[in-house]
Amino acid sequence: MVRTLLILLGLIFLFLVPPLQKPDEETHFLRSLALANGVMSCGPQQAQIAIPQEYNRMISDIKKAIPEYTKPHTFPLLLYNQSVFLQSQKNTTIPVGSYCRFPIISYVPQVLGIYFGLLFSLNPYITFFLGRAMLFIVSLIWIDKLLKSAPKLLTQWYALVFCLPLFVHQATSYGYDAIPVLLFFTFFSHIWLMTTTQNLSVRKWITASILLLLFLLSRRGGYEPLGLLLFLPLVPASTKTRLAHWWLGALVLVSATLYIALLAINYASYGSSGMPLDANPPEQFALLLQHPYRILMLFARTLLTKSWFYLLSSVGTLGMLEYRVSAWVYVLYAGVAAAIINKSKKERTITKPIMYFILGTILLEILCLMLVLYVTWTTVGNPVIEGIQGRYFWPLIPLIGILLVKIRPWKARYINIHLSIQAILLMSVIVSIAYTVIQRYFR
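Residues numbered from 1 in each chain as written. Predicted model: local features only at pLDDT ≥ 70, side-chain atom pairs only at ≥ 80, totals over all residues. Heavy atoms only, no water.

A. Seen up close, the environment of Thr 155. With respect to the helices and strands, the residue Thr 155 is situated in helix H6 (residues 152-162). Beyond its immediate chain neighbours, meaning those up to four positions away, Thr 155 contacts Leu 147 and Ala 150. A polar side-chain atom of Thr 155 sits 3.0 Å from the main-chain carbonyl oxygen of Pro 151. (Helix = DSSP H or I, 4+ residues; strand = E, 2+ residues; numbered from the N terminus. Contact = heavy atoms within 4.5 Å. Polar contact = N/O pair within 3.5 Å; in protein donor to acceptor, adjacent residues only side chain to side chain.)

Shown next, in the form of structure tokens:
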């Protein structure tokens, strides 16, 4: 059922969402195109790449057809009416310096798709969709392997996250959110299995270190990796495994240092590139130091005014966060989460100290995320924190789920839903989301 939902949702977003459906995707597409052309890193200076003129024409034609991305427009399907292969081999040069700050790892699948398109001189639209399709295929294979290898305690929560409309939307676009989430959950599962099975071999620790490094390099800001702190109390404190404490502690320290360094490079080396015009991290941080009590008020006011948006946007607020799926779809996903809580067994290994540690980790991660976005993305002196989106909380969903199962006041009860009803609900979700996307872009 999970695989079917993923494939059908993926086909909807892959083929019904037009190219460059938001300005961000143009940025990510050009970054992927630059990587496919061998521009790996260019620093703050302007770098240029030579691309076929038809690619530049495609971007120009779409911008003319859809001048405002935030409003519904009918996408002209006639733009697709062209030869399968490039009609001109002439190149044009475009600057890509401002895009080089985005990490490489998250674009690898899209780059492969674009590379094949360039290799066989396919028209820019086919090449564009090849990049999207390659990310979707890689994500499907990765999800399938992860769900088979993950601890049973986490599998259903992973499946819930992967089936969210917004996650599938990201996994069929040029955005860089799908790969970091997959890397985080892979690392999460790996550490969980290591600590609960006490399999603390050197090879396992090396694998964990590589997964964490790839995760940190895949996205600079957004999914703060504090969740790995959860596993410190899970490692047995016996003499034989005392080294594991030091190793994991060193891993935490190195990762935190690396993460802070990446943020500093990202915002210092490239100035205001990619940030709101009114954002000023040094000035915002100075203001925070002058009035430290403000942060508590900011947190409270932000959560009170934006919690509903965070909840909806974690499930499915699509495009530029300007259109939502049907209301009943949100209710259905909430019902699925409730069903998982209802039928999951309480794990004896999750003791009260670990429960408190999980709760602390959740709160710490939320506060860290809000603090980072306050300093780097919020207008100086703004009364609420800007830039936080629901998808940034995806890594917390398994932790929140484990906590809710543990504090559930009743015994696990399984409610059997007939397969035919499941199929009807599945198809209803598909039809509803497809209709929503069509109404947004083709009415």
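B. Region of interest: the pattern of salt bridges. Applying the stated criterion across every chain, the model contains 7 salt bridges. As a salt-bridge pair, Arg 132 and Glu 25 come within 2.9 Å of each other at their nearest N and O atoms. Of the two residues, Arg 132 sits in helix H5 (residues 124-149) while Glu 25 sits in helix H2 (residues 23-36), which places them 107 residues apart along the sequence. Take Arg 132: its relative accessible area is 1%, and that puts it in the buried class. (Salt bridge = Lys/Arg side-chain N within 4 Å of Asp/Glu carboxyl O. Buried < 20%, exposed > 50% of the residue type's maximum accessible area, 1.4 Å probe, protein only.)

C. Broad picture of helix H16 (residues 419-442). Its 24 residues give H16 an end-to-end C-alpha distance of 34 Å, which sits within 8% of 34 Å, the value for a rise of 1.5 Å per residue. Every buried residue belonging to H16 is among Leu 426, Val 429, Ile 430, Ser 432, Ile 433, Ala 434, Thr 436, Val 437, Arg 440 and Tyr 441, and all of these are buried. Where the residues of H16 are buried, they touch helix H1 (2-16), helix H7 (165-170), strand S4 (323-324) and helix H13 (327-343). (Expected span 1.5 Å × (residues − 1).)

D. Quick look at unusual backbone geometry. A positive phi is found at Leu 20, a non-glycine position, where the angle reads about 50°. Mapped onto the elements of the fold, Leu 20 is located in the loop between H1 and H2.

E. Spatial organisation of the side chain of Ser 313. Looking at the secondary structure, you find Ser 313 in helix H12 (residues 294-316). Note on Ser 313: relative accessible area 1%, which makes it buried. Within the structure, Ser 313 has its side chain in polar contact with the backbone oxygen of Tyr 310 (distance 3.3 Å). Beyond its immediate sequence surroundings of up to four residues, Ser 313 is in contact with Leu 166, Gln 389, Gly 390 and Arg 391.

F. Structural detail: the environment of Trp 328. Within the fold, Trp 328 resides in helix H13. What makes Trp 328 partly exposed here is its relative accessible area of 36%. For the pair Trp 328 and Ser 432, spaced 104 residues apart in sequence, the C-alpha to C-alpha distance is 9.4 Å. When residues no more than four places from it in sequence are discounted, the contact partners of Trp 328 are Leu 425, Ser 428, Val 429 and Ser 432.

G. Local environment of the packing of H5 against helix H8 (residues 178-197). It is the contact of H5 with H8, at a shortest axis distance of 11 Å, that shows an interaxial angle of 15°. Comparing their axes, H8 and H5 come out roughly parallel. As H5 runs across H8, the sense of the crossing is left-handed. Facing Leu 135, Ser 139, Trp 142, Ile 143, Leu 146 and Ser 149 of H5, the residues of H8 in contact are Ala 178, Ile 179, Leu 182, Leu 183, Phe 185, Thr 186, Ser 189 and Leu 193. When its residues are assigned to classes, the contact of H5 with H8 shows 10 nonpolar, 4 polar and no charged. (Axes fitted to C-alpha atoms, helices over the stretch in contact; angles between N-to-C directions. Parallel < 35°, antiparallel > 145°, perpendicular 65-115°, else oblique. Left-handed = near helix turned anticlockwise from the far one by under 90°. Nonpolar A, V, L, I, M, F, W, Y, C, P; charged D, E, K, R; others polar.)

H. Local environment of the packing of helix H14 (residues 352-377) against helix H15 (residues 397-407). Across the interface, H14 lies against H15 with an axial gap of 10 Å and an inter-helix angle of 140°. Comparing their axes, H15 and H14 come out oblique. For the crossing formed where H14 meets H15, the hand is left-handed. Taken together, the residues of H15 that come into contact with H14 (itself represented by Met 355, Ile 358, Leu 359, Thr 361 and Ile 362) are Leu 399, Ile 400, Ile 402, Leu 403, Lys 406 and Ile 407. Across the contact of H14 with H15, the residue classes break down as 9 nonpolar, 1 polar and 1 charged.

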